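Listed here are the chains, written in short residue letters.
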Amino acid sequence: FRNRFVRTDGYVEDNEKGIMSRPGVFGTKVSGGFLKNLFRLDFKNVANTHVLYRNDKLYALWEAGWPYILDPLTLENDVRGEPRGHDLNGLLAEGQNFAAHYRYDAGSGNVVNFGVQLDPASGNTRVDLWEFDERMRPIRDDKVSFVFGGAGVVHDFAVTENWHVFVMPPAEVDQKKALLGLLGRAPFAEVIGFDREATESTVYLIPRSKDLERGSAEEMVAGEDDRVRVIKVPYHFNFHFANAFEDEDRNVVIDSVLTDSVDLGLEMDASVPVWEAADLDELSPGRYDRLTVDPTGKAAPR
């Protein structure tokens, strides 16, 4: 057994200076008080959500940054040579992220992943899509992405033989909380405001890379590009998927743990244990459920 903290640039800087040198997206503040936290958007890449072992390399993943490459045996990483993480040999541009919850396609042996970019000015979200072979090489040299209106909490997704699967409740950027975040007075993760009066969530089905014509699939707009299937389903929120597949009628079957309302727990008192801070009677319980949708939209979800 071996364990080790990933030597991210934030981790190294904190240890060298003996302070909290940069903010955390969930509310950890920079040492030094109010003025030190003003307009600080240089959030730490904590590289702590998931790992991927591929082509004799171990990738430490966090959904709002680049992956860090670790030695699979020693768990060491080259923080001096790659202080912000690894750009996957030039695949990731400045500002692009590489999600933590990738998917392994047992049929092809490929790894599929995504990255999310929220544009506060337009209020739209772009999701980049990639697929990698057994040597962690992208299977295509052009860009694949789709865009939808609103702010997406895209933490996980699923894949089937023919589709990427995303499910999201309606949400927008909360301008008041965004301002508080810029002032260092609230976690920046709180800037997304969910529509608690909504009655529907949205399933987005995007064709797998093998089925998209080269050079034609960058920023496919949901609701305008017919290749992006937009299917309304009863309102729910889910952070993680258990499985997805296509049945004999080519319906997409989605298994996940879902709740009837959204509560990320960001407003709880962090100074006490969660079982003391949370009112458990008020929380919407998670339940394992199955949703079946018709990609053609001809049959109602069930």
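You'll find the structure just up there.
Engineer: Give me the lowdown on the overall build of the chain, citing residues and values where you can.
Structural biologist: Scanning the chain for helices and strands turns up three helices and 17 strands. Against the globule reference of 19 Å for 302 residues, the chain gives a C-alpha radius of gyration of 20 Å, in line with a compact fold. Principal-axis analysis of the C-alpha atoms places the extent of the chain at approximately 60 × 45 × 40 Å. Counting contacts in the chain only where the partners sit at least 6 residues apart, residues at least 24 apart contribute 59% of the total. Counting every atom, the chain has about 16300 Å² of accessible surface; 50% of that belongs to carbon and sulfur. Distance between charge centres in the chain, computed from 34 positive and 51 negative side chains, equals 5 Å.

Engineer: A description of the pattern of salt bridges should follow, citing residues and the corresponding values.
Structural biologist: Applying the stated criterion to the full structure yields 22 salt bridges. Asp9 is the salt-bridge partner of Arg22, the closest N and O atoms lying 3.1 Å from each other. With a gap of 13 residues between them, Arg22 in the loop between helix H1 (9–17) and strand E1 (50–54) and Asp9 in helix H1 connect regions that are remote in the sequence. With respect to class, Arg22 is no different from Asp9; both count as buried.

Engineer: If you had to explain the nonpolar core to someone new, which residues and values would you point to?
Structural biologist: Judged by nonpolar contacts, the single largest core of 21 residues is most densely connected at Phe114, Phe146, Phe166 and Tyr204. Secondary structure elements with two or more residues in this core: strand E5 (111–119), strand E6 (124–132), strand E7 (145–149), strand E9 (163–168) and strand E12 (200–207). Looking at which element gives the most residues to this core, the answer is E5, with three residues.

Engineer: If you had to explain the pairing of E5 to someone new, which residues and values would you point to?
Structural biologist: Of the pairings in the sheet, the one linking strand E4 (residues 103–104) to E5 comprises two bridges and is antiparallel in character. Along E5, the bridge assignment pairs Arg103 with Val112. Hairpin geometry of E4 and E5 is characterised by an intervening segment of six residues between the two adjacent antiparallel strands and by a positive phi of about 80 degrees at Gly109. Hairpin connection between E5 and E6: a loop of four residues separates the two successive antiparallel strands, and Gly123 in this loop has a positive phi of roughly 75 degrees.

Engineer: If you had to explain the sheet that holds strand E16 (residues 252–259) to someone new, which residues and values would you point to?
Structural biologist: Ordered by their spatial adjacency, three strands build an open sheet running E15-E16-E17, and the pairing between neighbours is antiparallel. The open sheet terminates on both sides in strands that have one partner only, identified here as strand E15 (237–246) and strand E17 (287–293). Ignoring which end each strand starts from, the neighbouring axes of this sheet average 25 degrees apart. Where E15 lies against E16, eight bridges are found, and the strand directions are antiparallel. The partner of Ala244 across the bridge, within E16, is Ile254.

Conventions adopted
Residues numbered from 1 in each chain as written. Predicted model: local features only at pLDDT ≥ 70, side-chain atom pairs only at ≥ 80, totals over all residues. Heavy atoms only, no water. Helix = DSSP H or I, 4+ residues; strand = E, 2+ residues; numbered from the N terminus. Rg over C-alpha atoms; globule rule 2.2 N^0.38 Å. Contact = heavy atoms within 4.5 Å. Areas by Shrake-Rupley, 256 points an atom, 1.4 Å probe, with all protein chains shown as cover. Lys, Arg positive; Asp, Glu negative; His and termini not counted. Charge placed at Lys NZ, Arg CZ, Asp CG, Glu CD. Salt bridge = Lys/Arg side-chain N within 4 Å of Asp/Glu carboxyl O. Buried < 20%, exposed > 50% of the residue type's maximum accessible area, 1.4 Å probe, protein only. Core = buried A, V, L, I, M, F, W, Y, C linked by side-chain atoms within 4.5 Å. Pairing = 2+ DSSP bridges. Axes fitted to C-alpha atoms, helices over the stretch in contact; angles between N-to-C directions.

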